[in-house]
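# Breakdown of the fold
Next come the chains, spelled out residue by residue.
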Amino acid sequence: MTRTHTLADPRVEAALSQMFARAAHDADAAALAREKLPEGFAPTTPQEQSDAAAEIYMPISAAGGQLLYNLVRAVRPSTVVEFGTSFGISTLYLAAGVRDNGTGRVITTELSRTKIAAARRTFAETGLDDVITVLEGDARHTLRDLDTPADLVLLDGWKDLCLPVLHLLEPRLEPGTLVIADDVDLDSLRPYLSYVRDPANGYQSVTFPVEDGMEISCRL
Ligand SMILES: C[S@@+](CC[C@H](N)C(=O)[O-])C[C@H]1O[C@@H](n2cnc3c(N)ncnc32)[C@H](O)[C@@H]1O
């Protein structure tokens, strides 16, 4: 018997390949963003950073996405929470896993209105919009009143906010919940990594060597 999966759905394959092709031009888009923020990212607010970066995809890698899909299949989460939708590449991998589980949903949050509009179109075109809820705004507010446990978490927004967002979600993490963060090589993720790698804080954490590295932390 041939088995298939939603990542092989032509609509999903086409959306992912188009978005990865556009993301290949991120360096050009980043140069334009730097012109909008001549003093750099540091003195600006997360909203200003997101507005300046509205054309930049900054996606997880395809291999990272396949890892997320497999984790969703294995964990069978009722609720996946994602911080940092961007144009929706990682969200599609998560939602494909949810679709193939036949149960669950993805809640994702993003600051850039431009990106949210594009991501919503993509979610509808791929037929995955019924399992995705997009929360518009700052994750520190949109995820504050989450009314359910977060059964699998992807933290991929601005790296200096990953630790505050984790703290916000901690009351909703049951023992055994996996929290995944992308881009372990970035300096701005260091405070987060120090926290989840210190067993005193209640995680067993491992760096998974997929492309630029994902930190997978299990809530104890
Ligand atoms: C690295 S990109 C996410 C890439 C996405 N996960 C993917 O694989 O395509 C980070 C995104 O997080 C968003 N972001 C940053 N800080 C945020 C915040 N406080 N609340 C919501 N979204 C935020 C940015 O606007 C940006 O689009």
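Our structure is the block above this text.
These remarks concern the structure in this document. Starting afresh in each chain, residues are numbered from 1 along the sequence in its written order. Only residues with pLDDT of at least 70 get local features here, since the model is predicted, and only at 80 or more are side-chain atom pairs given and counted; chain-wide, interface and lining totals rely on the full set of residues. Water and hydrogen atoms play no part in the side-chain values, which are based on all heavy atoms of the structure.

### Notes on the site of the ligand
The criterion for a residue being near a molecule or strand is simple. One of its heavy atoms has to lie within 4 Å of it. By nearness alone, 23 residues border the ligand, and Ser 50, Ser 90, Glu 110, Ala 139 and Asp 156 come closest of all. Between the ligand and Glu 110, the relevant distance is 2.6 Å, taken from an oxygen atom to a side-chain nitrogen or oxygen of the residue. Protein contacts shield 99% of the accessible area of the ligand, which totals 610 Å² for the unbound molecule. Numbering goes from the N terminus for both helices and strands, where a helix is a DSSP run of H or I of at least four residues and a strand is a run of E of at least two. The set of elements that each furnish at least two residues to the shell around the ligand consists of strand S1 (79–83), helix H5 (89–101) and strand S2 (105–110). Three residue categories are used. Nonpolar comprises Ala, Val, Leu, Ile, Met, Phe, Trp, Tyr, Cys and Pro, charged comprises Asp, Glu, Lys and Arg, and polar comprises the others, including Gly. In terms of residue class, the shell around the ligand is built from 10 nonpolar, eight polar and five charged. Any N or O atom pair separated by 3.5 Å or less is treated as a polar contact, with the protein-specific requirement of one donor-capable and one acceptor-capable atom, and with residues adjacent in sequence counted only for side-chain atom pairs. Each accessible area value is a Shrake-Rupley result obtained with a 1.4 Å probe; residue values ignore everything except the protein chains displayed when judging cover.

### Considerations on H5
Given a helix with a known number of residues, its expected span is that number minus one, times 1.5 Å. The end-to-end C-alpha distance of H5, which contains 13 residues, comes to 19 Å, matching closely the 18 Å that a straight helix rising 1.5 Å per residue would cover. Of all the positions in H5, only Ile 89, Ser 90, Thr 91, Leu 92, Tyr 93, Leu 94, Ala 95, Ala 96, Gly 97, Val 98 and Asn 101 are classed as buried. Buried means the residue's accessible area, taken with a 1.4 Å probe over protein chains only, is under 20% of the maximum for its type, while exposed means over 50%, and partly exposed covers the values in between.

### Thoughts on the packing of aromatic side chains
Stacked, edge-to-face and tilted labels apply to pairs of Phe, Tyr and Trp rings (six-membered ring for Trp) whose centres lie within 6.5 Å, assigned for plane angles under 30 degrees, over 60, and everything in between, in that order. For the coordinates displayed, the defined rule picks out two aromatic pairs. Ring plane angle 25° and centroid distance 4.0 Å describe the contact between Tyr 57 and Phe 87, whose orientation is recorded as stacked. With a gap of 30 residues between them, Tyr 57 in the loop between helix H3 (46–52) and helix H4 (62–75) and Phe 87 in the loop between S1 and H5 connect regions that are remote in the sequence. Each member of the pair, Tyr 57 as well as Phe 87, is classed as buried.

### Focus: the pattern of salt bridges
Any carboxyl oxygen of Asp or Glu within 4 Å of a side-chain nitrogen of Lys or Arg constitutes a salt bridge here. Throughout the structure, instances matching the rule amount to nine salt bridges. Residue Asp 138 pairs with Arg 140 through a salt bridge whose shortest N-O separation is 2.6 Å. A relative accessible area of 14% means that Asp 138 is categorised as buried. The partly exposed category is assigned to Arg 140, whose relative accessible area is 31%. Between Glu 215 and Arg 197 there is a salt bridge whose closest N-O contact spans 2.9 Å. You can see Glu 215 sitting in strand S7 (residues 214–219) and its partner Arg 197 sitting in helix H9 (residues 190–197), a full 18 residues away along the chain. By relative accessible area, which is 42% here, Arg 197 ends up partly exposed. Salt bridges sharing partners connect three or more residues here, namely Asp 156, Lys 159 and Asp 183.

### Some details on the sheet that holds strand S4 (residues 152–155)
Pairing between strands is defined by DSSP: at least two bridges between the two strands are required. With mixed pairing, the seven strands of this open sheet are ordered in space as S3-S2-S1-S4-S5-S7-S6. Of all strands in the sheet, those with a lone pairing partner are strand S3 (132–136) and strand S6 (203–208), marking the two edges. Pairs of neighbouring strands in the sheet enclose a mean axial angle of 15°, with direction left out of account. Bridging between strand S5 (residues 178–182) and S7 involves five bridges; their strand directions are antiparallel. Bridging across to S7, Ile 180 finds its partner in Ile 216. Whether two residues are in contact is decided by their heavy atoms: any pair within 4.5 Å suffices. Angles run from 0 to 180 degrees between N-to-C directions of axes, and those axes are lines fitted to C-alpha atoms, restricted for helices to the stretch in contact. Packed on one face of the sheet, H4 meets S1, S4, S5, S6 and S7 and runs near 20° to S7. This element, helix H8 (residues 162–169), spans S1, S4, S5 and S6 of the sheet and lies at about 160° to S4.

### Considering the pairing of S6
One ladder, built from six bridges, connects S6 with S7; its direction is antiparallel. Bridge pairing in S7 links Val 206 to Ile 216.

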